[in-house]
Amino acid sequence: MNINRTDALEMVRESISRVIPDADFAALGPGDAFRDVLEMDSLDFLSFVEVLSERSGVRIEDEDTPRLTTLSGSADFLVARSG
Amino acid sequence: MAEFTMPSLGADMDEGTLLEWLVGPGDLVHRGDPVAVVETAKSTIEVECFETGTMTELLVEPGTTVPVGTPLALIGVPAKKPEPPEGGEKPHTTREPRKARQPEGPGETERAAKRRAAPRTQRKGEPAKPPSPPPEPATVPVPVLTTVRQGVHTEAGPLVRHLAEQRGVDLETLHGSGPGGRVTRTDVEEAVAARPPRLRVTPLARRLAAETGVDLATVKGTGKDSAIRAADVRRAAHGPATEIPSAKIGTPTVRPSGERPSVDRGAAMRQAIAGLMSRANRDIPHYYLSTTVDMAAAMDWLHEHNRRSPVGERLLPAALLLKAAALAARDVPELNGSWTDDHFTAGEGVHLGVAVSLRGGGLVAPALHHADTLALPQLMTALKDLVTRARTGRLRGSEVSDATITVTNLGDQGVEAVFGVIYPPQVALVGFGRVVDRPCAVAGLLGVRPVVTSTLSADHRATDGAVGARYLTAVTRLLQNPEQL
């Protein structure tokens, strides 16, 4: 399944919202390291990876996680992997 | 009859606010069942009961703050001799209301005197002795007390008064159905029943409602017994219901009295931490040890495990670290337990406290019960569950008070080492930093390896450095054989 970039970005946002329900995306730029901005710990991040994997159908390995640092980077990763 | 009292949920707790009853009178409860939600300065906790029986009476209304040890409810316990009737009840049950009414004591006595004076004109036989001041509570048999109390406008016995006070019923508004217009227990209970039904709301839902300005009375609950859950509030917050209540914020119906605004909550949390940590630093002579643990084997094993597992069953390095910490505590039992009354008591089982930082600031350290016996996947599941509940206000009383040793894992925050302050009455606190790649000498060669700094803060009253060293050595050894964790 191909994911376009707009959908990918939306999936990333939604997945973050599932883990951090009160996440303020207005204050989060596409290039910001969202883990730091939203104070996600490793458990939060793991939940995020779980949700994102489930929604996108893309299997995300431990080694891939450095690419999931920013909204923009995460969306790019999904687009690249889904193709 | 057993009393269910406000429990001490940690060394830093003097009082708690009863937020919510999870059971009602007549409900069967089992030992270990959560029966009430209590808010402390640090968190909202589901409190389990320690008896099996029937909830006969709830003594404290939600929203009430009471000291630790105050009876909250009475539980009828089967296979025990029934308590003697009213007069024989435990002293503090009857003493409580008297204490609460003390300020009006003198006025009451005056009124009592007047009233006594009146009937005396009719009943000449009575001795003309002036009424003596109310005798010492502890020695007063209830009937005498009842006579004194007759001075107040509405006639009611002390136990009925006690009940009315705790249920928030104004006796003056009741018409007594007993002899001589006396208010009976049934009158009070009926008055309570006639009030609008209390909403069943989960603590998280309550908090969300307060934050989003949703009037709980307008929310339809989808939980057990129509309890309002967080999801219901969120739904309501997005629906049309939000338009009206914004004006209502701050009215008692929106924010139950037990709910403190989050700013106060943050300040209360800070105070609780300040009190406990000051005490720990003052009373506990800490000693500190540190070692660097090679994590190459553990991380290889972890990545391999995660590659083979569905995303939902993946493990974090924290799971391995916690398991190693728990097993090492079993190996070195001198560090697993508590220091009270000048001696060490070994813990029954390893209940690993896990420091969890909360989103609004502050932290709690609930326990993973029997962490040393949990296989890694179970420990991981338990950890996720514990952290989620710690952050949404759904911890259990036993989790908050049972920890025998605590681990703080500040690796997530990016630091390499943490030397913590022990949680009294525990005697050790284990710290893990971030797993980082560092140059290491391995078998005479320089290599880059993932390592973690593992530290121990321990109570010098309970153990000496050699014991602490044994503990960290055990942690190091355990992490070299991750498949055996």
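Within any chain, residue numbers begin from 1 and follow the written order of that chain's sequence. The order in which chains are written sets their letters, starting at A; the order in which ligands are written sets their numbers, starting at 1. In keeping with the predicted nature of the model, local features appear solely for residues at pLDDT of at least 70, side-chain atom pairs appear and are counted solely at 80 or more, and the whole-chain, interface and lining totals rest on all residues.

Caption draft 1: Representation of the overall build of chain A in the model. In terms of helices and strands, chain A carries four helices and zero strands. Listing each helix as α and each strand as β along chain A from the N terminus yields α-α-α-α. Burial analysis of chain A (83 residues in total) assigns 31% to the buried set. Contacts spanning at least 24 positions in sequence make up 65% of the contacts within chain A whose residues lie at least 6 apart. Counting from the N terminus, the helices are the DSSP runs of H or I reaching at least four residues and the strands are the DSSP runs of E reaching at least two. Residues are called buried when their C-beta atom has 20 or more other C-beta atoms within 10 Å, exposed when it has 12 or fewer, and partly exposed otherwise; all C-beta atoms are positioned from the backbone. In this description, a residue-residue contact is defined by the distance between C-beta atoms placed from the backbone, which must lie within 7 Å.

Caption draft 2: A look at the overall build of chain B. Helix and strand counts for chain B stand at 13 helices and 20 strands. Within chain B, the fraction of its 485 residues that count as buried is 37%.

Caption draft 3: Spatial organisation of the nonpolar core. Residues and elements named next belong to chain B. Of all hydrophobic cores here, the largest spans 104 residues; its most connected members are Leu-322, Ala-324, Ala-325, Leu-352 and Val-354. With eleven residues, helix H10 (residues 317-331) is the largest single contributor of residues to this core. All domain edges in this entry derive from an automatic or database-based domain assignment. When residues are assigned to domains, this core turns out to be shared by domain 1 (2-83) and domain 4 (280-484), each giving three or more. Every residue in contact with Ala-325, bar those within four places of it in the chain, is listed here: Leu-352, Val-407, Val-430 and Val-475. Linking buried Ala, Val, Leu, Ile, Met, Phe, Trp, Tyr and Cys residues through C-beta atoms within 7 Å yields a set, and such a set is a nonpolar core.

Caption draft 4: Expanded view of the interface of chain A and chain B. Listed as interface residues are ten residues of chain A and, on the opposing side, eleven residues of chain B. Split by residue class, the side of chain A that touches chain B holds four nonpolar, two polar and four charged. Gly falls in the polar group here, along with every residue not listed as nonpolar (Ala, Val, Leu, Ile, Met, Phe, Trp, Tyr, Cys, Pro) or charged (Asp, Glu, Lys, Arg).

Caption draft 5: Looking closely at the packing of H10 of chain B against helix H11 (residues 376-392) of chain B. Residues and elements named next belong to chain B. Fitted lines through C-alpha atoms serve as axes, helices being fitted only where they are in contact, and the angles separating the N-to-C directions of these axes extend from 0 to 180 degrees. At a closest axis distance of 10 Å, the pairing of H10 and H11 adopts a crossing angle of 105°. When the interaxial angle is binned, H10 and H11 end up roughly perpendicular. Along its contact with H10, which presents Ala-319, Leu-322 and Lys-323, the element H11 presents Leu-376, Leu-379, Met-380 and Leu-383. When the residues that make up the contact of H10 with H11 are grouped by side-chain class, the tally is six nonpolar, no polar and one charged. Under this scheme an angle from 65 to 115 degrees is roughly perpendicular, one under 35 degrees roughly parallel, and one over 145 degrees roughly antiparallel; angles in between are oblique.

Caption draft 6: Summary view of the sheet that holds strand S5 (residues 44-48) of chain B. All names here are of chain B. One requirement defines pairing of two strands: DSSP has to find at least two bridges between them. Reading across from one edge, S7-S2-S4-S5-S16 is the order of the five strands in this open sheet, with mixed pairing throughout. At either margin of the open sheet sits one strand with a lone partner, and together these are strand S7 (64-67) and strand S16 (395-396). Note that strand S2 (residues 15-21) and strand S4 (residues 34-39) share four bridges and pair antiparallel. In the sheet register, Thr-17 faces S4, and the bridge partner there is Glu-39.

Caption draft 7: Spatial organisation of the pairing of strand S8 (residues 71-76) of chain B. Residues and elements named next belong to chain B. Bridging between strand S1 (residues 2-5) and S8 involves four bridges; their strand directions are antiparallel. By the bridge assignment for S8, Ala-2 is matched with Ile-75. Note: strand S6 (residues 53-58) against S8, four bridges, orientation antiparallel. Looking at S8, one finds that Leu-58 is bridged to Ala-73.

Caption draft 8: Representation of helix H3 (residues 42-56) of chain A. Working rule for helices: expected span equals 1.5 Å times residues minus one. Compared with an ideal rise of 1.5 Å per residue, which puts 15 residues at 21 Å, H3 of chain A spans 21 Å between its outermost C-alpha atoms and is within 8% of the ideal. Among the residues of H3 of chain A, Leu-43, Asp-44, Leu-46, Ser-47, Phe-48, Val-49, Glu-50, Leu-52, Ser-53 and Ser-56 of chain A are the ones counted as buried. Turning to H3 of chain A, the residues buried within the fold contact helix H1 (5-19) and helix H4 (71-82) of chain A together with H11 of chain B. The first or second residue beyond H3 of chain A is Gly-57 of chain A, which carries a positive phi of 75°.

Caption draft 9: Broad picture of unusual backbone geometry. All names here are of chain B. In this model, Pro-424 is joined to Pro-425 through a cis peptide bond whose omega is 0°. Of note, Pro-425 is situated in the loop between strand S17 (405-409) and strand S18 (428-432). Despite not being glycine, Asp-341 shows a phi value in the positive range, around 50°. Locating Asp-341 in the fold gives a position in the loop between strand S10 (337-340) and strand S11 (343-346). One non-glycine residue, Asp-342, lies in positive phi territory at about 65°. Tracing the chain through its elements places Asp-342 in the loop between S10 and S11.

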